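Tertiary structure, described
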Amino acid sequence: MILPGRAYLKTYSHLSKSNTRPSEYSITTTDLLFSTSKGHSITTPTIEWQKKYVDNSPLITKGVSFSDPDEYTYTKYVTTRNKQEIFLEGIFSAIEQTTYSEALQDSWRQRVQKYLGAFVFISHGMQMCSAYIGQLGTSGQLVAMLAMQTADELRRTENIAYHLMLSNSSPEKILNMGREAWMKLPALQKIRHALEYLLITYDWGQAYVCFNLLYKPLIDEMFLNGLAKEAAENNDPLLERLLLSLFEDSQWHRKCARKYTANLVQFNSGNSETIANWISLTKPTLLGIIEDTSGALYQNPQQRSHLENFLNSWIDSLPLRTLEQKEPSWTQTPML
């Protein structure tokens, strides 16, 4: 029964400020976080953690909006990734049903086993970093995007591990080789130390900037795009296609990271200096990773200069108002 003279809220009334029909993305991601506008009903250790490491972070995030440039909903994400999985299944079938792996050069096969075996551990560490950032995100759209990014990290780990299993007669031996390389190989220790440091970087702003804007883009470029080029040069087109397919996810992650960075700076001009300071503190470690890893990972010596150029061009592309190197106005430990 409708009473005369009484105003009734329509479906999705929280989107009524817009005069246009809301998209599926807006409906499913807007105002997902109850605590953002309503606060918390009870005090728990988790709430205290959020106040300490998110609300009190030097990076001001409360009230910063975000909208995925590709407007991924859960349905769109699953549909898109399912198509990619079908493509990867074709690659795995080609490896499994032929003598493809036996035709590869021994030196290349051993390099793949060692470094992609280690990358399984690297990717798992990146998944945990992404999950931590997503758990404490300050807007529903950002949390949704980071949850899907975390799923991409897991999908990457599973597919690379499966490729290694198909390409070798002893999966346990390959797993142990990868773990040994991850823990002890000098070329990978700066990456391991950086990821372990990130896992205990509790400040949300620093964790987001150092992971999503710095370490993740470089590691993705190094192990997916860069190693795909090496695979092509070593007559391994199936691995090349596998890595480039997974690299497509990274392109979306970068697009979202750049978009959110622009919103952070637009919302609070001080965020630009905060991000620039973290970049200046972290960049020497990134260059050290390139120096240590590129010589062992690649045969092509030009790959190192490519990675250095990529890092510089990526940082320059971030929508910051200034990247002048300034002394931080707070006590901050540099990445080791």
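Residues numbered from 1 in each chain as written. Predicted model: local features only at pLDDT ≥ 70, side-chain atom pairs only at ≥ 80, totals over all residues. Heavy atoms only, no water.

Moving on: the pattern of salt bridges. Close approach of charged atoms allows side chains of opposite charge to pair. Enumeration over the complete set of coordinates arrives at 17 salt bridges. We note a salt bridge from lysine 51 to glutamate 48, for which the minimum N-O separation is 3.9 Å. One end of the pair, lysine 51, and the other, glutamate 48, are both in helix α3 (residues 45-55), three residues apart, so they sit about a helical turn from each other. In this structure, the salt-bridge partner of arginine 109 is aspartate 106, at a minimum N-O distance of 2.7 Å. With arginine 109 and aspartate 106 both in helix α5 (residues 106-135) and three residues apart, this pair spans about one turn of that helix. Each of Arg81, Glu85, Asp152, Arg155 and Asp249 takes part in one network of salt bridges that share partners. (Salt bridge = Lys/Arg side-chain N within 4 Å of Asp/Glu carboxyl O. Helix = DSSP H or I, 4+ residues; strand = E, 2+ residues; numbered from the N terminus.)

The end-to-end C-alpha distance of helix α4 (residues 74-96) is 32 Å, a good match for the 33 Å that 23 residues give at a rise of 1.5 Å each. Residues of α4 that are buried include every one of Tyr77, Arg81, Gln84, Leu88, Ile91, Phe92 and Ile95, and no others. For α4, the secondary structure elements touched by its buried residues are α6 (140-166) and α10 (237-267). (Expected span 1.5 Å × (residues − 1). Buried < 20%, exposed > 50% of the residue type's maximum accessible area, 1.4 Å probe, protein only. Contact = heavy atoms within 4.5 Å.)

What follows deals with the nonpolar core. Ranked by size, the top nonpolar core spans 84 residues in total, and within it Ile122, Ile191, Trp204, Met222 and Phe223 carry the most contacts. Once residues lying within four places of it in the same chain are set aside, the contact partners of isoleucine 122 are Trp182, Ile191, Leu195, Ile219 and Phe223. (Core = buried A, V, L, I, M, F, W, Y, C linked by side-chain atoms within 4.5 Å.)

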